[in-house]
Amino acid sequence: MKTAVWTLLCSPLAVLLLVGLLRAQQHLLPGSCNFELGTCGYKSDPEYGTWSMNEEGHVITLDSALLKEQQQAVLVSPVLDHQEWSCVRLVYQITGRGSLQLFLRPDGDNFDYRMWTANQASDSWLIASVDLPNTTTPYQVLLEGRPERGSGNSVAIFEIHIVSGYCIECNFEEHHLCGYSNSWNPNVNWYVGGSVAREPESHLPVSHSHHHQRGHYMYVDSVYAKHFQEVAKLTSPMTTVPLAGCLSFYYNRDQERGNIFSVFTRDQLGHYEEMWRPEVFATAGWTLVSVDIKAPHPLEVVFEVAFNSARGGYVAIDDISFSPEFCHTDTEPNFDPSIANCDFEDGLCLYHQEKTDSKEWSRVSVKPNAYRMGDHTTGAGCFLLVNTLFSSRPDYVGRLHGPLLPGNHKYCLRFYYLLHGFRKVDNALALYIYDENNVAQEKVWSLTDTSRDVWTEVEITYMKPMLSKVVFVSICKNFWECGLVAIDDITVSLGDCQMTTGSLPGQCDFESGVCGYIQDKKGDKADWLRVRGHTPTSYTGPRGDHTTGVGYFMYIEASLMRPGHKSRLLTSDLRGSSSPQCLIFFYHMYGSGSGILSVLLRRSDREQDTLLWRRRGEQSVSWMRAMVDYQCDVRHQIIFEAIRGPSLRSDIAIDDISFKRGPCEDPGDFAPYSGFSEYFNEIEN
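Keep in mind it's a predicted model, so treat the numbers as computed, not measured. (Residues numbered from 1 in each chain as written. Predicted model: local features only at pLDDT ≥ 70, side-chain atom pairs only at ≥ 80, totals over all residues. Heavy atoms only, no water.)

**Q** Sorry, what's going on with the overall build of the protein chain here?
**A** Regarding its fold elements, the protein chain presents 1 helix and 41 strands. Counting over 685 residues, the protein chain shows a buried share of 55%. For the protein chain, contacts bridging at least 24 residues in sequence account for 80% of all contacts bridging at least 6. Accessible surface for the protein chain amounts to roughly 31200 Å². Of this, 50% is attributable to carbon and sulfur atoms. (Helix = DSSP H or I, 4+ residues; strand = E, 2+ residues; numbered from the N terminus. Buried < 20%, exposed > 50% of the residue type's maximum accessible area, 1.4 Å probe, protein only. Contact = heavy atoms within 4.5 Å. Areas by Shrake-Rupley, 256 points an atom, 1.4 Å probe, with all protein chains shown as cover.)

**Q** Help me understand the sheet that holds strand 40 (residues 652-661) in this model?
**A** The strands that make up a sheet are held in pairs by hydrogen bonds between backbone atoms, and each pair lies either parallel or antiparallel. Taken in spatial order, the 5 strands of this open sheet run 32-33-40-35-38, and their pairing is antiparallel. If you trace the sheet from one side to the other, it starts and ends with strand 32 (529-532) and strand 38 (624-630), each paired once. Here the average twist between neighbouring strands, direction ignored, is 40°. In this structure, strand 32 lies alongside strand 33 (residues 552-556), joined through 4 bridges in antiparallel fashion. Within the sheet, the bridge partner assigned to R530 lies in strand 33 and is M554. (Pairing = 2+ DSSP bridges. Axes fitted to C-alpha atoms, helices over the stretch in contact; angles between N-to-C directions.)

**Q** What is the right way to read the environment of I584 from this model?
**A** The residue I584 is located in strand 35 (residues 581-589) in this model. In this structure the C-alpha to C-alpha distance between I584 and K660, which are 76 residues apart in sequence, comes to 8.1 Å. Those residues in contact with I584 that sit more than four places away from it in its chain are R625, A626, M627, D656, I657, S658 and K660.

**Q** Can you help me understand the pattern of salt bridges in this one?
**A** Opposite charge on two side chains lets them pair, provided their charged atoms get close. Here the structure, examined in full by the defined rule, presents 20 salt bridges. Linking D527 and K521 is a salt bridge whose minimum nitrogen-to-oxygen distance equals 2.9 Å. One salt bridge in this structure joins R603 and D633, with 3.8 Å as the shortest N-O distance. Pair noted here: R603 is in strand 36 (residues 596-603) and D633 is in the loop between strand 38 and strand 39 (636-643), with a separation of 30 residues, a long-range link. Here R603 falls in the buried class, since its relative accessible area comes to 13%. Classification of D633 by relative accessible area gives exposed; the value is 54%. Through salt bridges with shared partners, a single ionic network connects K566, R568, R602, D609 and E641. (Salt bridge = Lys/Arg side-chain N within 4 Å of Asp/Glu carboxyl O.)

**Q** Just to check I follow, could you spell out the state of the cysteines for this structure?
**A** Every disulfide links exactly two cysteines, by a covalent bond between their sulfur atoms. Overall, the coordinates contain 7 disulfides when judged by the stated rule. The disulfide partner of C170 is C178, and the S-S distance across this bridge is 2.0 Å. Between C170 and C178 the disulfide shows an S-S torsion of about 75°. By sign, it is right-handed. By relative accessible area, C170 is classed as buried at 4%. Here C508 connects covalently by a disulfide to C515, the sulfurs 1.9 Å from one another. Disulfide C508-C515: the torsion about the S-S bond is 75°, which places it as right-handed. (Disulfide = S-S within 2.5 Å.)

**Q** Is there a simple way to explain the environment of L142 in this structure?
**A** With respect to the helices and strands, the residue L142 is situated in strand 9 (residues 139-147). Separated by 64 residues in the primary sequence, L142 and P78 have C-alpha atoms spaced 9.7 Å apart. Apart from the residues within four sequence positions on either side, L142 is in contact with V74, L75, V76, Q101, L102, F103, R105 and D112.

**Q** Help me understand the packing of aromatic side chains in this model?
**A** To describe a pair of aromatic rings, you give the distance between the ring centres and the angle between the ring planes. Applying the stated rule across the entire model yields 30 aromatic pairs. Taking 6.5 Å as the distance between ring centres and 55° as the angle between the ring planes, the aromatic pair formed by F35 and Y42 counts as tilted. Considering the side-chain rings of F249 and W276, the 5.5 Å spacing of their centres and the 85° angle between planes classify their relative orientation as edge-to-face. One end of the pair, F249, is in strand 15 (residues 243-253); the other, W276, is in strand 17 (residues 272-276), with 27 residues separating them in the sequence. Exposure remark for F249: the relative accessible area of 1% places this residue in the buried category. (Phe/Tyr/Trp six-rings, centres within 6.5 Å; stacked < 30°, edge-to-face > 60°.)

**Q** Would you take a moment to explain the side chain of S577 for this structure?
**A** Mapped onto the elements of the fold, S577 is located in the loop between strand 34 (566-570) and strand 35. A polar contact is formed between the side chain of S577 and the side chain of S579, at a distance of 2.9 Å. Those residues within four positions of S577 in sequence are excluded, and the remaining contacts are G108, D109, N110, Q631, C632 and D633. (Polar contact = N/O pair within 3.5 Å; in protein donor to acceptor, adjacent residues only side chain to side chain.)

**Q** It is not clear to me how the sheet that holds strand 15 should be interpreted in this structure. Could you clarify?
**A** Read across the sheet, 5 strands follow the order 12-13-20-15-18 without closing on themselves; strand pairing throughout is antiparallel. Each edge of the sheet is formed by a strand with only one pairing partner; in this case those strands are strand 12 (190-193) and strand 18 (287-295). Between one strand axis and the next, the sheet turns through 35° on average, direction left out of account. Summarising the sheet, strand 13 (residues 217-221) and strand 20 (residues 314-323) pair through 4 bridges and their orientation is antiparallel.

**Q** Hey, could you run me through the side chain of N252 in this one?
**A** One can find N252 in strand 15. A polar side-chain atom of N252 sits 3.3 Å from a polar atom in the side chain of Y314.

**Q** Can you help me understand the confidence of the model for the protein chain in this one?
**A** Low pLDDT means the predicted atomic positions in that stretch should not be read closely. Looking at the protein chain, the pLDDT average stands at 85 and 86% of residues meet or exceed 70. Note on residues 196-201: pLDDT is under 50 here. Beyond four places in sequence and across chains, it has 9 contacts. (pLDDT = per-residue confidence, 0-100.)

**Q** Just checking my understanding: could you explain the pairing of strand 13 for this structure?
**A** In summary, the side chains of a regular strand alternate between the two faces of the sheet. Most of strand 13 is tucked away: 5 of the 5 residues are buried. What you see with strand 13 is no split at all: Y217, Y219 and D221 on one side and M218 and V220 on the other are buried throughout. In the sheet, strand 12 pairs with strand 13 via 4 bridges, with the strands oriented antiparallel. Bridging across to strand 13, Y191 finds its partner in Y219.

What follows is the structure, given as structure tokens:
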């Protein structure tokens, strides 16, 4: 006979009907709301649709039938000033088709930062857990609901709880179990243990939290196990921000030789990594475990128990907590792999050639021109070039060594390469992993692509048990077969390259769409087009995008326009800010008939648009970086305006748009008008 009062099944929030029996006693912070007596200061943003309170209270809803012309509704919290780390627990339901997103709106910032999103429909209430890092800046929490058009589509919010601490922490006293969920198994599952109705003959423990029978914990029992190695998994909510520190919990274990108890981490790609298992079988009562955890990317903690038979006993856990301080002094401190980053603007960083007198790799720059590509970083900066012109002999092996990085870490290496003039690419560029003794451990990449004159991105994930470094190798055996090979913008981060961190607000690389940008239909004679690869007209337009070399960008096709015709691309409405803003983007203006590219500011309180930045005429065959300072304290839009030049060779393109708090670090691009460089085809050492 089980003493559990509720079973944690695939729909762990079916227990909501029994909220009154399990309501915890954890202190709720301002911004929390159960919608019983009102909206607790939450208001619908008047720019969008309206959230509606249920007539009986307890829930606030958004129905597509009531949205009229709007596509979404935004629920805005009061201004919050939680300076310590806190956790938002949101009980919600999506019916039919739609989505719900949680944003953070820092005071004085131009943008809202998306922290969490969901778009899966369910027939029961679900729980989301979102970490809010410590900050000295007041902020608001925004909940954006987007039910799709059509009957039966809605989004509802039952409860918003904001508590101190980390979302991964839990004492299992609350009805929502802190977002922990059980992976359903027909025979063995995690249950809530401990209750006021506890049976005297029960073999299960009392709660560690309360040291009496009224507390609760999670447990899994073997009594219904029917097969060898039946597994029960209890999974924490996915972390939403980077975490590093000490994870602690208590466990109680019976019949230790009849079960296997382990704790894993699981990332977004489904990769498991064991972080702890008991070293001894015997446990007398509740036992404290402390284990260090590093989570640079989102992950879940999984408590897993496998039973050998129905007599495998039980395992119980309670009081999961987290501290930002490591629990073991011998744990390596957080390592920042960005020491291996380099854009070569200020030198070679921590990279070096194999021989001090080697000249195979040279740091060079190319002035903006219409014939030869500049660097990837800005279009006019520095990059590394290996070729026979700078070598002391017609055949060579050029090795560029990076800094040593600690072992037992998974690294994501990204860099850009560019080819020019190669007849064969077999040995043009390869990447090796070397150990600290300069012994090659693995060849992780070699050049096979034959694309020319476009910066192309490479992503490589690798992991070695020892100190290691990356080494770029270029081999030229015959002067007549070798051309130029260049590299730029090397970055190294922790984790798998497939792990995406998500884009920052206002950031758009056009890889997945147009990011809410709007075509201006008033007075425009043509639209901006989203394309990849070459543009159709010769001697104008980019060969590839700036982001990866093979992705998407926006451009105007001159052959579809007449001289003087313009095309405008507008951002969605941006909230005003009292602080200066920095707009960064890359533009491409190559072609003898290039027209004008302008950036304008459209304020909601003025009829006339304000010119912020402009370029006229052919600029370069490279993607050029622009950095534009501006300030606007009211709702506004940024406009990219392209005007077609006198000939067909006047395609204009933009890519990789981003905003950040200003002022811009290095504008370096302040002239209101500009033409191409007079120093064509010039390379500088």
